[in-house]
Amino acid sequence: MYDPSQLRTFLAVAQTLSFTGAARRLGLRQSTVSQHVRRLEDATGRQLFVRDTHSVELTEDGEAMLGFARRILEVHEQASAFFTGTRLRGRLRFGASEDFVLTRLPEILEGFRYEHPEVDLELTVELSGTLHEQLAAGKLDLVLAKRRPEDPRGEPVWNDRLVWIGAERLRLDADRPVPLIVYPPPGITRALALEALERQGRQWRIVCTSGSLNGLVAAARAGLGVMAHSRGLIPPGLVRMPDRSGLPELGRVDFVLVHGPRPTGSQSAARALAAAVLAGGERLHRR
């Protein structure tokens, strides 16, 4: 009933919220992207996007199709691999941001290992900024991490808003510096938080620094201060700080997949894992 090529196009539009961006990402003409989406909407009998000359947004039915499309494509890829007898081999060095420590990324990796048992998967969990540096240095083959707004590299997995979070009982004094819980440099959320406070002219002080998300969460739960974090990945025991706290807006952040700049023997495995992450993307911001 649903054409895999149309589903892939739908996912690309949903992830980029742009018909032009989806066309560029898939190597298609924009008219082809529009045609795929229109045919999928005809097949479902539902409108999947609300679009005008300035914006593209998923409808409620589009949100529902997002999960279905990913699962259909995941099973489609599994069946294709099984019946074509393709066997991936080699070593794949995969880097994942600390942001995914508390998500369901392990389920995606477990599925990948099941489908490709002869791939030796090496996982590095680090700060997004550090992962980008290691990728550029040829120490990793594929990275799943945040990127700064001005960085064009990477294939979008999803876009989220950054918010301030802390313990529910925490109250900030407007006359005192903001107590910050941050990653060490080159943490991307650290940089964005400091830039936002500087723009507002708000004083701040760092009360906790840790390269581990678990360390930051422990400090925040103890009520030591606030931290900048993805709205879709707020850890249990922490809440978004209310508007009355007077903290500045942090903007949005992209979570992307980035392949290494130099060809390696692991390219096929990296593409397969990237497809698995994109197919199961909703599990990364759902516990």
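Our subject is the structure listed above.
Here's a quick rundown of the structure. (Residues numbered from 1 in each chain as written. Predicted model: local features only at pLDDT ≥ 70, side-chain atom pairs only at ≥ 80, totals over all residues. Heavy atoms only, no water.)

**Some details on the overall build of the chain**
Moving on, step 1. Secondary structure assignment for the chain yields 9 helices and 11 strands.
Moving on, step 2. Since a compact globule built from 287 residues should have a radius of gyration of about 19 Å, the 20 Å found for the chain is in line with a globular shape.
Moving on, step 3. Expressed as lengths along the three principal axes of its C-alpha atoms, the size of the chain is roughly 65 × 45 × 30 Å.
Moving on, step 4. When the 287 residues of the chain are sorted by exposure, 47% land in the buried category.
Moving on, step 5. For the chain, long-range pairs separated by at least 24 residues make up 77% of all intrachain contacts whose partners lie at least 6 apart in sequence.
Moving on, step 6. When the accessible surface of the chain is split by element, carbon and sulfur atoms take 50% of a total near 14300 Å².
Moving on, step 7. Placing the 39 positive and 34 negative side-chain charges of the chain at their respective mean positions leaves the two points 1 Å apart. (Helix = DSSP H or I, 4+ residues; strand = E, 2+ residues; numbered from the N terminus. Rg over C-alpha atoms; globule rule 2.2 N^0.38 Å. Buried < 20%, exposed > 50% of the residue type's maximum accessible area, 1.4 Å probe, protein only. Contact = heavy atoms within 4.5 Å. Areas by Shrake-Rupley, 256 points an atom, 1.4 Å probe, with all protein chains shown as cover. Lys, Arg positive; Asp, Glu negative; His and termini not counted. Charge placed at Lys NZ, Arg CZ, Asp CG, Glu CD.)

**So, the pairing of strand β7 (residues 178-182)**
Moving on, step 1. β7 sits mainly inside the fold: 5 of its 5 residues count as buried.
Moving on, step 2. With burial as the criterion, each face of β7 is covered, one bearing Val178, Leu180 and Val182 and the other bearing Pro179 and Ile181.
Moving on, step 3. Bridge count for β7 against strand β8 (residues 204-209) is 5 bridges, and the pairing is parallel. Across the sheet, residue Val182 finds its bridge partner in β8, namely Thr209.
Moving on, step 4. Handedness of the β7-helix α7 (residues 188-200)-β8 crossover: right-handed. (Pairing = 2+ DSSP bridges. Right-handed = clockwise from strand over helix to strand, strands pointing away.)

**Section: the packing of aromatic side chains**
Moving on, step 1. Within this structure, the stated rule accounts for 5 aromatic pairs.
Moving on, step 2. Pairing Phe10 with Phe49 gives two aromatic rings, centres 5.4 Å apart and planes at 45°, and the pair type is tilted. Of this pair, Phe10 sits in helix α1 (residues 4-16) while Phe49 sits in strand β1 (residues 49-51), placing them 39 residues apart in sequence.
Moving on, step 3. Under the relative-accessibility criterion, Phe10 is labelled buried at 0%.
Moving on, step 4. An angle of 15° between the planes, with centres 4.4 Å apart, marks the rings of Trp158 and Phe255 as stacked. Of the two residues, Trp158 sits in strand β6 (residues 155-166) while Phe255 sits in strand β11 (residues 252-259), which places them 97 residues apart along the sequence.
Moving on, step 5. Since its relative accessible area comes to 9%, Trp158 is described here as buried. (Phe/Tyr/Trp six-rings, centres within 6.5 Å; stacked < 30°, edge-to-face > 60°.)

**Focus on a nonpolar patch on the surface**
Moving on, step 1. A cluster of nonpolar side chains, namely Val101, Leu123 and Val125, defines an oily patch on the protein surface of about 210 Å² accessible area.
Moving on, step 2. Among the structural elements, Leu123 can be located in strand β4 (residues 119-126).
Moving on, step 3. By relative accessible area, which is 45% here, Leu123 ends up partly exposed. (Patch = residues over 30% accessible without salt bridge, like charges linked within 9 Å, V, L, I, M, F, W, Y side chains within 5 Å. Salt bridge = Lys/Arg side-chain N within 4 Å of Asp/Glu carboxyl O.)

**With respect to the side chain of Asp254**
Moving on, step 1. The topology assignment puts Asp254 in strand β11.
Moving on, step 2. A polar contact of 2.6 Å, which involves the side chain of Asp254, links it to the side chain of Asn159.
Moving on, step 3. In contact with Asp254, other than residues within four places in its own chain, are Ala145, Lys146, Arg147, Trp158 and Asn159. (Polar contact = N/O pair within 3.5 Å; in protein donor to acceptor, adjacent residues only side chain to side chain.)

**Regarding the side chain of Gln15**
Moving on, step 1. Following the sequence through the fold, Gln15 ends up in helix α1.
Moving on, step 2. Taking relative accessible area as the criterion, Gln15 reaches 7% and is therefore assigned buried.
Moving on, step 3. Within the structure, Gln15 has its side chain in polar contact with the side chain of Arg25 (distance 2.5 Å).
Moving on, step 4. Ignoring sequence-local partners within four residues, the contact set of Gln15 consists of Arg25, Arg70, Pro156, Val157 and Leu278.

Function cannot be read off these values alone, since they describe shape.
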